[in-house]
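A look at the structure
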Amino acid sequence: MKERPILMSVTTGQPSKRGKRLKSADGLTWKQRNREAVNARRRELYAANPDAHRARQRAYKQAAKDKVNAYQMAWGAEYRAKLRAEMILAYGGRCACCGERQPEFLQLDHIHNDGAEDRKNNPATKLFAKLKRLGWPKDRYQLLCANCNFGKFMNGGICPHQEHSHA
Ligand SMILES: [Zn+2]
Ligand SMILES: [Zn+2]
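What comes next concerns the included structure. (Residues numbered from 1 in each chain as written. Chains lettered and ligands numbered in written order. Predicted model: local features only at pLDDT ≥ 70, side-chain atom pairs only at ≥ 80, totals over all residues. Heavy atoms only, no water.)

Notes on the coordination of the zinc ion (ligand 2)
Each protein donor to the zinc ion (ligand 2) is listed here as Cys97 (SG), Cys148 (SG), Cys159 (SG) and His161 (ND1); together their distances run 2.1 to 2.3 Å. In this structure, the zinc ion (ligand 2) is coordinated by 4 donor atoms arranged in tetrahedral fashion, with angles at the metal of 97 to 116 degrees. Separation of the zinc ion (ligand 2) from the zinc ion (ligand 1) amounts to 4.3 Å, with Cys148 serving as a shared donor to the pair. With Cys148 in helix α7 (residues 146–154) and Cys159 in the loop between α7 and α8 (160–166), this residue pair connects regions lying 11 residues apart in the sequence. According to the relative accessible area criterion, Cys159 is buried, its value standing at 7%. (Donors = N, O, S within 2.8 Å, 3.2 Å for Na, K, Ca; no water. Tetrahedral: all angles 85-135°; square planar, octahedral: opposite > 155°, others 65-115°. Helix = DSSP H or I, 4+ residues; strand = E, 2+ residues; numbered from the N terminus. Buried < 20%, exposed > 50% of the residue type's maximum accessible area, 1.4 Å probe, protein only.)

What follows is the structure, encoded as structure tokens:
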């Protein structure tokens, strides 16, 4: 088996990266065939400047973490949007008081104004997920638009629309 010559980098004086990537007939990379030497050199470089190596390692780990976080955040936003759309559909897609259908205006309302516990323990997404598991119970929850929800809050538990309709 013919050994491929190790290419030395002109700039670093080390085996060039190009050389390392070349595969020989045995299917191994330069790095794999010279594991001992590579590890020895790595230890040498580490010993020469451990702080720089640790800093680089930290930066590498942080970059990997950032990438994962960005992915999870993008995934999370999509998940939240989908779950919210599902919730709106499950609760009839319109304000129970005035019939508003614009999804951006719609909010989940605690019919009996007992939402403090839910709000304390759950971000909206967690609450929606819980309600989904429970089959979207309708006895305690309904959709209200932001206006009716606020009107209900300001008016002591009943939207002014409803009062006027009874008057
Ligand atoms: Zn409304
Ligand atoms: Zn209303």
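There is more to say, and it comes next.
Side note on the side chain of His53
Tracing the chain through its elements places His53 in helix α4 (residues 50–90). What makes His53 buried here is its relative accessible area of 18%.

A word on the nonpolar core
Counting residues in each nonpolar core, the largest one holds 18 residues, and the members touching the most others are Met87, Tyr91, Leu108 and Leu131. Those elements giving two or more residues to this core turn out to be α4, β1 (106–110), α6 (124–133) and β2 (141–145). The contacts of Leu131, once residues within four sequence positions are left out, are Tyr91, Leu108, Trp136, Pro137 and Tyr141. (Core = buried A, V, L, I, M, F, W, Y, C linked by side-chain atoms within 4.5 Å. Contact = heavy atoms within 4.5 Å.)

Concerning the coordination of the zinc ion (ligand 1)
Binding of the zinc ion (ligand 1) to the protein goes through Cys95 (SG), Cys98 (SG), Cys145 (SG) and Cys148 (SG), at separations of 2.3 to 2.4 Å. Taken in chain order, the donor set of the zinc ion (ligand 1) reads C-x2-C-x46-C-x2-C.

Overview of the packing of α4 against α6
Contact pair α4 / α6: the axes reach a minimum separation of 10 Å and the direction vectors enclose 50 degrees. The angle between the axes of α4 and α6 places the two elements in the oblique class. α4 and α6 meet at a crossing whose hand is left-handed. Across the interface between the two elements, Tyr79, Arg80, Leu83, Arg84, Glu86 and Met87 from α4 touch Thr125, Phe128, Ala129 and Lys132 from α6. Here the contact of α4 with α6 is composed, by residue class, of 5 nonpolar, 1 polar and 4 charged. (Axes fitted to C-alpha atoms, helices over the stretch in contact; angles between N-to-C directions. Parallel < 35°, antiparallel > 145°, perpendicular 65-115°, else oblique. Left-handed = near helix turned anticlockwise from the far one by under 90°. Nonpolar A, V, L, I, M, F, W, Y, C, P; charged D, E, K, R; others polar.)

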